[in-house]
Amino acid sequence: MKIWQMTPESPDQKMIEEAAKLLQRGELVAFPTETVYGLGGNGLSPESLLKIFAAKGRPVDNPLILHIADKEMLNDLVVSISPTAEQLMKAFWPGPLTLIMEKAAQVPLEATGGLQTVAIRMPEHSIALQLIRAAGLPIAAPSANLSGKPSPTVAKDVEEDLDDRIAGLIDGGNTQIGLESTVVDCTGALPMILRPGGITREMLEKVVGFVEVDPGLENEGMSPKAPGMKYTHYSPEAQVTILEDKDDLLEALEYAKKSQKKIAFFIPEDFLIQEPLGMNIRLIREGTASDWTPLGMNLYKNLREMDREKVVEIFIQAVPEKGLGVAIMNRMKKAAGHCFWKDRKKEELS
Ligand code: TXA
Ligand code: MG
């Protein structure tokens, strides 16, 4: 795999053109976006699209996002643009918002997992935008991880997962948001959030009024409308358990102190706890009780780091489910397979 290094402040046009050539030839190139690294391929070529699924080990019924650099590209990919979609694009593109619209005939079914709708996003990242422009193509790009692993937010994580499976990787440093884009379905009467992300429900509602949230996201009996949300994504090797309050934390710390296992705790910087803790305990401090942005930004990176350190259990302090907290908790619950400390205690007692 060829690796190009550059910064978002000064993207190297020559290197980007080299990468774009690979994309035009049907090869796969991973690149940074403002959310997570994407695994790019020609979004209009069935062969390239199938290569993406193969490289990731991704089920072919899980549709991809087409990344565009300008609105002209969009016109060729969808049948029509609803007024709601138009308003959302105006407010949030380029940015971490993916819109689902009815697909045009030229969009291959390989991109949409057989659906008649297509997911489209204009990323807010200089390298991503220049790469799409240089290729002159919509770039299909799922997160650049092996299916089932946390999304990569640094180039090293892409390398770890995909090194011998893809042609190239543009290393553009850390991604800023660290969580995948918000996915909004614009094909119904009301816009509906299918995946929470960096653009929050509150932000969307300021622009278009009421926005629905896919009921399948919260009800375990219902299947989510975004095929990707039904898979146990984002799971590290370690068992993840969510702590809901300070009592949970103190109890889990007691449990960890008595254990021989290597156990990690992800807690806010301003949570005071009695130290030192046992040698088997690893503390990751991110964010504060009032600003949990850094927790979201580094969540995947930290989960992956814990795997490297062979941590066997991870406890994560929950954040309030408002604003960006909705997206963070959504990923956290997936990483934990919905395992909460309180449920574990109940099980042990019964
Ligand atoms: O931030 C992001 O969105 C990143 C970067 C690289 O842009 N990409 C990303 O792609 O997260 P991926 O493939 O990992 O997630 C795409 C999500 C999946 O949950 C998929 O099921 C959903 O979007 N999706 C795609 N097309 C859809 C469609 N037509 N209808 C419903 N859901 C769709
Ligand atoms: Mg993904």
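How each quantity is defined
Residues numbered from 1 in each chain as written. Chains lettered and ligands numbered in written order. Predicted model: local features only at pLDDT ≥ 70, side-chain atom pairs only at ≥ 80, totals over all residues. Heavy atoms only, no water. Buried < 20%, exposed > 50% of the residue type's maximum accessible area, 1.4 Å probe, protein only. Helix = DSSP H or I, 4+ residues; strand = E, 2+ residues; numbered from the N terminus. Arc of directions from axis to C-beta. Contact = heavy atoms within 4.5 Å. Pairing = 2+ DSSP bridges. Axes fitted to C-alpha atoms, helices over the stretch in contact; angles between N-to-C directions. Near = heavy atom within 4 Å. Polar contact = N/O pair within 3.5 Å; in protein donor to acceptor, adjacent residues only side chain to side chain. Areas by Shrake-Rupley, 256 points an atom, 1.4 Å probe, with all protein chains shown as cover. 1 Å grid on protein atoms, 1.4 Å probe; cavity = no way out; pocket = protein on both sides within 12 Å on 5 of 7 lines; lining within 4 Å. Sits in = over half its atoms within 2 Å of the grid points. Nonpolar A, V, L, I, M, F, W, Y, C, P; charged D, E, K, R; others polar. Expected span 1.5 Å × (residues − 1). Core = buried A, V, L, I, M, F, W, Y, C linked by side-chain atoms within 4.5 Å.

> I'd like a rundown of helix H4 (residues 83-92), residues and numbers included.
Along H4, the residues classified as buried are Ala85, Leu88, Met89 and Phe92. The buried residues of H4 occupy an angular sector of 100 degrees when the element is viewed end-on, so they sit on one face. Turned more than 90 degrees away from the buried face of H4 sit Pro83 and Lys90, all of them exposed. Along its buried surface, H4 packs onto helix H3 (71-75), strand E5 (97-102), strand E9 (182-185) and helix H8 (201-208).

> Go over the sheet that holds strand E13 (residues 263-267), please, and point to the residues and values.
A sheet is described by the order of its strands in space; here four strands give the open sequence E12-E15-E13-E14, paired in parallel fashion. In this open sheet, the two edge strands, each paired with only one partner strand, are strand E12 (239-243) and strand E14 (281-285). On average, each strand axis in the sheet is inclined to that of its neighbour by 20 degrees, with strand direction left out of account. Here E13 runs beside strand E15 (residues 313-317); their pairing, made up of four bridges, is parallel. Residue pairing for E15: Ile263 is matched across the bridge by Glu313. Most of the contacts of helix H9 (residues 246-258) go to E13, to which it runs at about 160 degrees, and overall it touches E12, E13, E14 and E15. Sitting on the sheet, helix H12 (residues 341-349) is in contact with E12 and E15, with an inclination near 105 degrees to E12.

> Outline the site of ligand 1, listing residues and values.
Residues in close proximity to ligand 1 total 28 residues, the closest being Thr35, Asn62, His67, Ser181 and Gly228. In the model, an oxygen atom of ligand 1 is placed 3.1 Å from a nitrogen or oxygen of the Ser143 side chain. Taking 690 Å² as the accessible area of ligand 1 by itself, protein coverage stands at 98%. In this structure the site holding ligand 1 corresponds to the largest pocket. Of all elements in the fold, only strand E4 (65-67), strand E6 (117-121) and strand E10 (192-195) reach the threshold of two or more residues within the shell around ligand 1. The biggest single contributor to the shell around ligand 1 is E6, with three residues. Of the residues assigned to the shell around ligand 1, the class counts are 15 nonpolar, eight polar and five charged.

> With reference to specific residues and values, describe H9.
Taking 1.5 Å of rise per residue, 13 residues should cover 18 Å, and H9 covers 19 Å from first to last C-alpha, within 8% of that figure. Against E12, E13, E14, E15 and H12 lie the buried residues of H9. The N-cap of H9, judged by a side-chain oxygen 3.2 Å from the amide nitrogen of Asp247 a few residues on, is Asp245.

> Tell me about unusual backbone geometry, residues and numbers included.
If a residue is not glycine, its phi is most likely negative; likewise, a peptide bond is most likely trans. In this chain, Trp93 is followed by Pro94 through a cis amide linkage whose omega measures -5 degrees. At Lys310, a position not held by glycine, the phi torsion is positive, near 60 degrees. Relative to the elements of secondary structure, Lys310 occurs in the loop between helix H10 (293-308) and E15. For Lys310, a relative accessible area of 64% translates into the label exposed. Of note, His338 is a non-glycine position whose phi angle comes to about 60 degrees, a positive value. By the element assignment, His338 lies in the loop between helix H11 (324-335) and H12. Classification of His338 by relative accessible area gives partly exposed; the value is 30%.

> Could you give me a rundown of the nonpolar core, with the residues and numbers involved?
If you look at the biggest cluster of nonpolar residues, it comprises 62 residues, and the most contacted ones within it are Leu88, Trp93, Leu97, Leu99, Ile120, Ile170 and Leu204. Element by element, the count of residues in this core is highest for helix H6 (residues 126-135), at six residues. Not counting residues within four places of it along the chain, the set of residues in contact with Leu99 comprises Ala85, Leu88, Met89, Trp93, Val118, Ala119, Ile120, Val184 and Cys186. If you look at the next biggest cluster of nonpolar residues, it comprises 25 residues, including Leu303, Ile314, Val319 and Ala327.

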